[in-house]
Amino acid sequence: MDAIRIRGNGPLRGTVRVSGAKNAALPILCATLLSDGASRLRNVPALRDIETTAALLRFLGRGVDVEAPIVDVAAGADVKPEAPYELVKQMRASVLVLGPLVARFGRAKVSLPGGCQIGARPIDQHLKGLEALGCRIHIERGYVIAEGPGGGGRLKGNEIYFDIPTVTGTENLMMAAALAKGRSTLVNCAREPEVEELGRVLNKMGAEVEGAGTDVIHIRGTERGELGPFDHAIIADRIEAGTYMVAAAIAEGGDVVLEGANLDDMEALVVKMRAAGVEVASEGQNVRVHRPGPLRAVNVTTAPHPGFPTDMQAQFLVLMCTARGESVISETIFENRFMHVPELQRMGASVALRGNTAVVQGVDKLYGASVMATDLRASASLVVAGLVAEDETEVRRVYHIDRGYEHIEQKLRSVGAKIERVRGAEA
Ligand code: EPU
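Everything numeric here is computed off the predicted structure, so don't read it as measured data.

How each quantity is defined
- Residues numbered from 1 in each chain as written.
- Predicted model: local features only at pLDDT ≥ 70, side-chain atom pairs only at ≥ 80, totals over all residues.
- Heavy atoms only, no water.
- Domains from an automatic or database assignment.
- Contact = heavy atoms within 4.5 Å.
- Buried area = accessible area lost by both parts, 1.4 Å probe.
- Salt bridge = Lys/Arg side-chain N within 4 Å of Asp/Glu carboxyl O.
- Phe/Tyr/Trp six-rings, centres within 6.5 Å; stacked < 30°, edge-to-face > 60°.
- Buried < 20%, exposed > 50% of the residue type's maximum accessible area, 1.4 Å probe, protein only.
- Lys NZ or Arg CZ within 6 Å of the ring centre and 35° of its normal.
- Helix = DSSP H or I, 4+ residues; strand = E, 2+ residues; numbered from the N terminus.
- Expected span 1.5 Å × (residues − 1).
- Pairing = 2+ DSSP bridges.
- Axes fitted to C-alpha atoms, helices over the stretch in contact; angles between N-to-C directions.
- Core = buried A, V, L, I, M, F, W, Y, C linked by side-chain atoms within 4.5 Å.
- Near = heavy atom within 4 Å.
- Polar contact = N/O pair within 3.5 Å; in protein donor to acceptor, adjacent residues only side chain to side chain.
- Parallel < 35°, antiparallel > 145°, perpendicular 65-115°, else oblique.
- Nonpolar A, V, L, I, M, F, W, Y, C, P; charged D, E, K, R; others polar.

Chemist: How should I be thinking about the domain arrangement of the protein in this particular structure?
Modeler: Put simply, an interface is often sized by how much accessible area is lost when its parts join up. Its domain assignment divides the protein into domain 1 (3–18 + 236–422) and domain 2 (22–233). Here the C-alpha centroids of domain 1 and domain 2 sit 31 Å apart. Contact with domain 1, which involves 23 residues of that partner, is made by 21 residues of domain 2. Summing both sides of the interface, domain 1 and domain 2 together bury roughly 1800 Å²; the carbon and sulfur share of this comes to 49%. Among the residues domain 1 hides against domain 2, the three largest losses belong to His305, Arg403 and Glu406. Together they make up 33% of the total. Counting across the interface, domain 1 meets domain 2 through two salt bridges. A salt bridge links arginine 403 to aspartate 49, with the nearest nitrogen and oxygen atoms 2.8 Å apart.

Structure representation (structure tokens):
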């Protein structure tokens, strides 16, 4: 298994290009199933989750050619609407094929994803929404079996109320409602920019989606077979950009330009970065991040968008490890998303965990250690910690990082980090 070795060596300086958004690309790849035509996706990052989605689409019967940053999905209507456990267990977002498959083919059999390292992550809201559209759902031997009305008929538009805003749940239901008969109204939707982006793509395909990116989405369904293919370049990855923003600020004097980052999608993070004493400014199509002096401690509570993203909690917590004073970081989205904390403690961080809250006392210095994490963002946060730790930090099991960060070592090296990948390191 690969590891990443980092030698802490002071501030980063230079320019990093932000890649396309993983969490926008995944639902949009699944949306290709709504049309029988050939679609092209541009600005797709070279990531393991993209490969996994491509493998899933191929399993279903579509030809997919991944040549990052371009992914082509070939035309084809001969689809076997079944997503096996082997693929779904590798990536929970595979559940995003459920809505398009049952809407387009009247039937879908998709493995239940099960729990994951950051929490139980149920999909009850996805299933309840599909039932509201007339699906009959049952669970059989670990699989969700969904059938359109009357044993495979067209879904029927309806009002769907989400008990909590769910990103992939909103996306699944948007795709299903796009082919349902009549109008659907989705209430208490997730407002993430990736949801808005999916709305844009569905409209390009000929759907009528209004309000994506707000908490109420109206969709007028289109006949099966009437949604066309699309050619679309996806938005910049706000979480990757945010991670490099924190990396730029982790050492005093850091000064990094994030090429293609979109500050409009990152407001909550930017407010907290500025409160901590980091300068963040738009410069044309880019964003400049500069840390002129010591960091101040600030408190953060994660919340659905436009609140502070749970996907930036681990990285921000690392930033607070060497800030002056005490910061309180609360995680409200996932119940087990502090796995970076024990690893950071091994690097000399002073963090006390109390339920869903971490209390961080800033220390003068972190020390390099051998660490590992079991999820994507936690692993990235450890790499960022390594940038300022004394001596060498080895982050193990970096396959998590490869799910969501394109060429992370090259990008960090290009702004001055001493970082290398060690192939086949001890797990
Ligand atoms: N939830 C339910 N029932 C449901 C669906 C969700 O109780 O049917 C709960 C979840 O357990 C969680 C909350 O609702 O407590 C929000 O979860 P959500 O469904 O929004 O998460 P997700 O759609 O599974 C996406 C991202 C995650 C990101 C979360 C939160 C994708 C592919 N994944 O997951 O990204 O953390 O939204 O913003 O879009 C990552 O990229 O590292 C990552 C984990």
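Chemist: I'm lost on the packing of aromatic side chains in this one. Help?
Modeler: The geometry of an aromatic ring pair is captured by two quantities: the separation of the ring centres and the angle between the planes. Following the criterion strictly, the structure yields one aromatic pair and no others. Their ring planes at 70° and their centres at 5.5 Å tell us that phenylalanine 308 and phenylalanine 316 sit as a pair that is edge-to-face. When its relative accessible area of 4% is taken as the criterion, phenylalanine 308 is described as buried. The exposure class of phenylalanine 316 is buried, given its relative accessible area of 0%. A cation over a ring is seen here: arginine 104 above phenylalanine 105, with NZ or CZ 4.9 Å from the ring centre. Positioned above the aromatic ring of tyrosine 143 is the side chain of lysine 109, whose terminal nitrogen or guanidinium carbon lies 4.9 Å from the ring centre.

Chemist: Explain helix H2 (residues 48–60) to me, please; I cannot follow it from the model alone.
Modeler: It helps to recall that an α-helix has 3.6 residues per turn; residues three or four apart then point in one direction. Taking 1.5 Å of rise per residue, 13 residues should cover 18 Å, and H2 covers 18 Å from first to last C-alpha, within 8% of that figure. Restricting attention to buried positions, one finds in H2 the residues Asp49, Ile50, Thr52, Thr53, Ala54, Leu56, Leu57 and Leu60. Looking at the buried positions of H2, the neighbouring elements they touch are helix H1 (22–31), strand E4 (64–67), strand E5 (70–73), strand E6 (82–83), helix H3 (85–88) and helix H4 (98–105). Within two residues after H2, glycine 61 carries a phi angle of roughly 120°, on the positive side.

Chemist: In this structure, what is going on with unusual backbone geometry? I would like to understand it.
Modeler: Residues apart from glycine generally show negative phi values, whereas peptide bonds are mostly found in trans. A cis amide bond links alanine 68 with the next residue in sequence, proline 69, at an omega value of 10°. Locating proline 69 in the fold gives a position in the loop between E4 and E5. Cis peptide bonds are those with omega within 30 degrees of zero, and the linkage from histidine 305 to proline 306 qualifies with 10°. Looking at the element boundaries, proline 306 is found in the loop between strand E18 (300–301) and helix H11 (313–320).

Chemist: How should I be thinking about the sheet that holds strand E14 (residues 231–233) in this particular structure?
Modeler: Within a sheet, each strand pairs with its neighbour through backbone hydrogen bonds, oriented either parallel or antiparallel. The mixed open sheet is built from four strands, whose spatial order is E4-E5-E3-E14. Two strands lie at the open edges of the sheet, namely E4 and E14, each paired on one side alone. Neighbour to neighbour, the strand axes of the sheet diverge by 10° on average, direction disregarded. Here E4 runs beside E5; their pairing, made up of four bridges, is antiparallel. In the strand pairing of E5, valine 66 is matched with valine 71. Contacting E4 and E5, H2 crosses the sheet at an angle of about 165° to E4.

Chemist: Please explain the nonpolar core as it appears in this structure.
Modeler: Side chains that are nonpolar tend, in soluble globular proteins, to be buried together. One finds Met245, Leu258, Met273, Phe316, Leu317 and Leu412 to be the most contacted residues of the largest nonpolar core, which totals 72 residues. If one sorts the elements of this core by residue count, helix H9 (residues 238–249) sits on top with eight residues. Setting aside anything within four residues of it in sequence, one finds leucine 412 in contact with Leu12, Tyr244, Ala247, Val383, Leu387, Ala417 and Ile419.

Chemist: Help me understand the site of the ligand in this model?
Modeler: Lining the immediate environment of the ligand, one finds 20 residues, of which Gln125, Thr166, Thr168, Asp311 and Ile333 sit closest. Here an oxygen atom of the ligand and a side-chain polar atom of asparagine 23 are 3.0 Å apart. One of the side-chain nitrogen or oxygen atoms of threonine 166 is found 2.7 Å away from an oxygen atom of the ligand. Elements that contribute at least two residues to the shell around the ligand include exactly H1, helix H5 (124–132), helix H7 (167–178) and helix H13 (376–386). At three residues, H5 tops the list of elements feeding residues into the shell around the ligand. Composition of the shell around the ligand by domain shows at least three residues from each of domain 1 (3–18 + 236–422) and domain 2 (22–233).

Chemist: When you look at the packing of H9 against helix H10 (residues 267–275) in this model, what are you seeing that I'm missing?
Modeler: Packed helices, taken two at a time, are described by the angle between their axes plus the distance between the axes. Packing of H9 against H10 leaves a shortest axis separation of 11 Å and a crossing angle of 5°. One finds that H9 runs roughly parallel with respect to H10. Contacts between H9 and H10 pair Gly242, Met245, Val246 and Ala249 from the former with Leu269, Val270 and Met273 from the latter. Its residues assigned to classes, the contact of H9 with H10 shows six nonpolar, one polar and no charged.

Chemist: Teacher, can you tell me more about the environment of serine 414 here?
Modeler: Considering the arrangement of structural elements, one finds serine 414 in the loop between helix H15 (408–413) and strand E24 (418–422). Along the backbone, serine 414 and glycine 14 are 400 residues apart, and their C-alpha atoms lie at a distance of 7.3 Å. Setting aside residues up to four positions removed in sequence, serine 414 forms contacts with Arg13 and Thr15. Among the polar contacts made by the side chain of serine 414, one reaches the main-chain carbonyl oxygen of lysine 411 at a distance of 2.7 Å.

Chemist: Would you mind going over the pattern of salt bridges with me for this structure?
Modeler: Pairing between side chains of opposite charge can happen when the charged atoms of each approach one another. With the rule as written, the count across this model stands at 29 salt bridges. The salt bridge involving arginine 421 is made with aspartate 2; its shortest N-O contact spans 3.1 Å. Highlighted residues: arginine 421 in strand E24 and aspartate 2 in the segment before strand E1 (3–7), separated in sequence by 419 residues. Among the salt bridges present, the one from glutamate 208 reaches arginine 220, with a minimum N-O distance of 3.3 Å. Of the two residues, glutamate 208 is situated in strand E12 (residues 208–210) and arginine 220 in strand E13 (residues 216–220); the sequence distance between them amounts to twelve residues. Of the residues examined, arginine 220 reaches a relative accessible area of 39% and is grouped as partly exposed. A single network of salt bridges, built from pairs that share partners, joins Asp2, Asp402, Glu409, Arg421 and Arg423.

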